[in-house]
Amino acid sequence: MKLGIVGLPNVGKSTLFNAITNAGAQSANYPFCTIEPNVGVVAVPDKRLDELAKMYEPDKYTPATIEFVDIAGLVKGASKGEGLGNKFLSNIREVDAIVHVVRCFENDDIIHVDGNIDPKRDIDTINVELILSDIEILDRRIDKTQKLIKGDKKYQADLDFFKRVKEALDGGRPARSVECTPEESELLSTVSLLTNKPIIYAANLSDSDFKNGSADGNPFYDTVKEIAESENAAVLPICAEIEAEISGMEKDEKQLFLSEMGLEQSGLDRLINACYDLLGLISYLTAGKQEVRAWTITKGTKAPQAAGKIHTDFERGFIRAEVVSYDELMECGSMSAAKEKGLVRSEGKDYIMRDGDIVLFRFNV
C-alpha cells in the first residue's frame, strides 16, 4: 500500500512524515523545501504478530508494510505547472490513497502561505488543482468514448456516466462524491482520476487542542469534518508536534508518554488503521518456526487469491487452506491443542478470508 501525503506548504506535512517514518525528510519554514517526493516504509503495528512471535520464536519476523510518499506542497496553479505542480500531481497519481494534511492550529512563528488559517480555503485550493487536472484527463476519455459510439452504441451508457462525473468536476466536486453503482465504480477506476482516490483528511492540531485523541471544541477541525462527510472522505485528528516528540522514544517510554496524554495509540497507528478501513484491507497471518508474517489483502478475498499473495504457485495449485482464528489459537496456547479441539478448519476455494485468520495453504503444482 502506497499513501501520498499532500498539503499546502507549512501545514505540518513534512513534520508528520518525518515523525511517522523517521526518514529524515527536510523540514523548513518556507514553501517548496520538499522538491523530490521523500519515501518512507513503515511496518504496520500488529500485536497479534508479536504474540505469535512469542509462541513460535521464529527465525524471521515480517510485518505488513506501508509506503508513505511525502509530496511537495501544492499551490494555486499547480495543474498549470505553478510551483513545480505538474511533477507533484504525477507523483500523487501513483499512490493508492491520499493523506491530505490540513492545518488546524494557530502559530505566528510558522508562516501560512495564504497569511491566515482557513481549512476550507486550504482544502479548496488543493481540490481545485486536482479537479482541474482530472477534467483534462476525463475530457480525453470522453472524446475516446464518443468515437467508440460511432462503431458500437453499447458505449452510450459509459459516455452518459462520464458526462455525469464531468458535471460534478465542473461544479467543483471531487469524483469520489459521485454516487455510483458497482459497475460504474469499476468503470471509473479505469480512468486515472486524482479526486477518485480514497482520501483521509489529517487535521493537524496543536498539542493543547489535541486531547485524548480528539479535537472537540476546535472550530477548524469541525470544518474539516463537515467537508470530509460531504465528499465520502475520512478525517483523522492528529498532532504532528506530538508525533515528532515520540518518534525517537523507546517503546516503553513512548507508551508511558501516550498514556499520560490520554492516548491509547500513536497517530501513526491510528492513521494506519484508518487507511486499512478506508481501503477495505485486512491481514491474514502465517506462523511457524521459520517465519511469522502478516499479509495484506482486500476484504472479500477468497482463499486461493490470498494464497497467491505468497506465491503464484500457491494459487495455481491450491488444494485447501487449513485455518484457525487468532483468538482461538491464543485460547488454546498451541496449534496442536487447537487441532485436538477441532478448531483448525479445512477450507476450500470459496472460503472468504477473515481478518486475523492464521493459515497454512496446501497446494500442488
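Residues numbered from 1 in each chain as written. Predicted model: local features only at pLDDT ≥ 70, side-chain atom pairs only at ≥ 80, totals over all residues. Heavy atoms only, no water.

Q: It is not clear to me how the packing of helix α4 (residues 119-151) against helix α7 (residues 219-230) should be interpreted in this structure. Could you clarify?
A: Two numbers describe a pair of packed helices, the interaxial angle and the distance between the axes. Relative to each other, α4 and α7 sit at 40°, their axes nearing to 9 Å. Considering their axes alone, α4 and α7 lie oblique with respect to each other. Of the residues in α7, those touching α4 at Pro119, Lys120 and Ile123 are Phe220, Thr223, Val224 and Ile227. (Axes fitted to C-alpha atoms, helices over the stretch in contact; angles between N-to-C directions. Helix = DSSP H or I, 4+ residues; strand = E, 2+ residues; numbered from the N terminus. Parallel < 35°, antiparallel > 145°, perpendicular 65-115°, else oblique. Contact = heavy atoms within 4.5 Å.)

Q: Teacher, can you tell me more about the pattern of salt bridges here?
A: Oppositely charged side chains can form a pair if their charged atoms are brought close together. This structure, assessed with the given rule, holds 18 salt bridges. Residue Arg121 pairs with Asp122 through a salt bridge whose shortest N-O separation is 3.1 Å. Lys302 is paired through a salt bridge with Asp350; the nearest N and O atoms lie 3.7 Å apart. Taken together, the positions of Lys302 in the loop between β9 (291-298) and α11 (303-310) and Asp350 in the loop between β11 (345-347) and β12 (357-363) put the pair 48 residues apart, joining distant regions of the chain. Classification of Lys302 as partly exposed rests on a relative accessible area of 34%. By relative accessible area, Asp350 is classed as exposed at 62%. Each of Asp46, Arg48 and Asp355 takes part in salt bridges that share partners, so that together they form one network. (Salt bridge = Lys/Arg side-chain N within 4 Å of Asp/Glu carboxyl O. Buried < 20%, exposed > 50% of the residue type's maximum accessible area, 1.4 Å probe, protein only.)

Q: I'm lost on the sheet that holds strand β5 (residues 97-103) in this one. Help?
A: To summarise the sheet geometry, strands pair through backbone hydrogen bonds and adopt either a parallel or an antiparallel arrangement. Strands sit in the order β2-β4-β1-β5-β6-β7 across an open sheet of six strands; the sheet is mixed. The sheet is open, and its two borders are formed by β2 (38-43) and β7 (234-238), each paired with just one other strand. Sheet twist, expressed as the mean angle between neighbouring strand axes with direction ignored, is 25°. Alignment of strand β1 (residues 2-6) against β5, held across four bridges, turns out to be parallel. From the neighbouring strand, Ile5 faces β5, where its bridge partner is Val99. Strands in contact with α4 are β5 and β6 (199-204); relative to β5, the strand with the most contacts, it is inclined by about 145°. (Pairing = 2+ DSSP bridges.)

Q: Teacher, can you tell me more about the nonpolar core here?
A: If you look at soluble globular proteins, the nonpolar side chains tend to sit buried side by side. In this structure, Leu52, Phe68, Ile92, Tyr201 and Leu271 are the most contacted members of the largest nonpolar core, which totals 74 residues. Here the element with the most residues in this core is helix α10 (residues 267-279); it accounts for six residues. In contact with Phe68, other than residues within four places in its own chain, are Leu3, Ile5, Phe17, Ile20, Thr21, Asn38, Val39, Gly40, Val42, Leu268 and Leu271. Ranked by size, the runner-up nonpolar core spans 18 residues in total, among them Phe161, Val165, Ala175 and Leu188. (Core = buried A, V, L, I, M, F, W, Y, C linked by side-chain atoms within 4.5 Å.)

Q: Explain α7 to me, please; I cannot follow it from the model alone.
A: Working note: α-helix, 3.6 residues per turn, so residues spaced by three or four point in the same direction. With 12 residues, α7 ought to run about 16 Å at 1.5 Å a step, and its terminal C-alpha atoms sit 17 Å apart, in line with that. Those residues of α7 not exposed but buried are Phe220, Tyr221, Val224, Ile227 and Ala228. Axial view of α7: buried residues confined to an arc of 125°, hence all on one face. For α7, exposure combined with an orientation more than 90 degrees from the buried face picks out Pro219, Glu226, Glu229 and Ser230. Summarising the contacts, the buried residues of α7 are in contact with β5, α4, β6 and β7. The N-terminus of α7 is capped by Asn218, whose side-chain oxygen sits 2.8 Å from the backbone nitrogen of Phe220. Immediately beyond the C-terminal end of α7, within one or two residues, lies Asn232, with a positive phi of roughly 55°. (Expected span 1.5 Å × (residues − 1). Arc of directions from axis to C-beta. Polar contact = N/O pair within 3.5 Å; in protein donor to acceptor, adjacent residues only side chain to side chain.)

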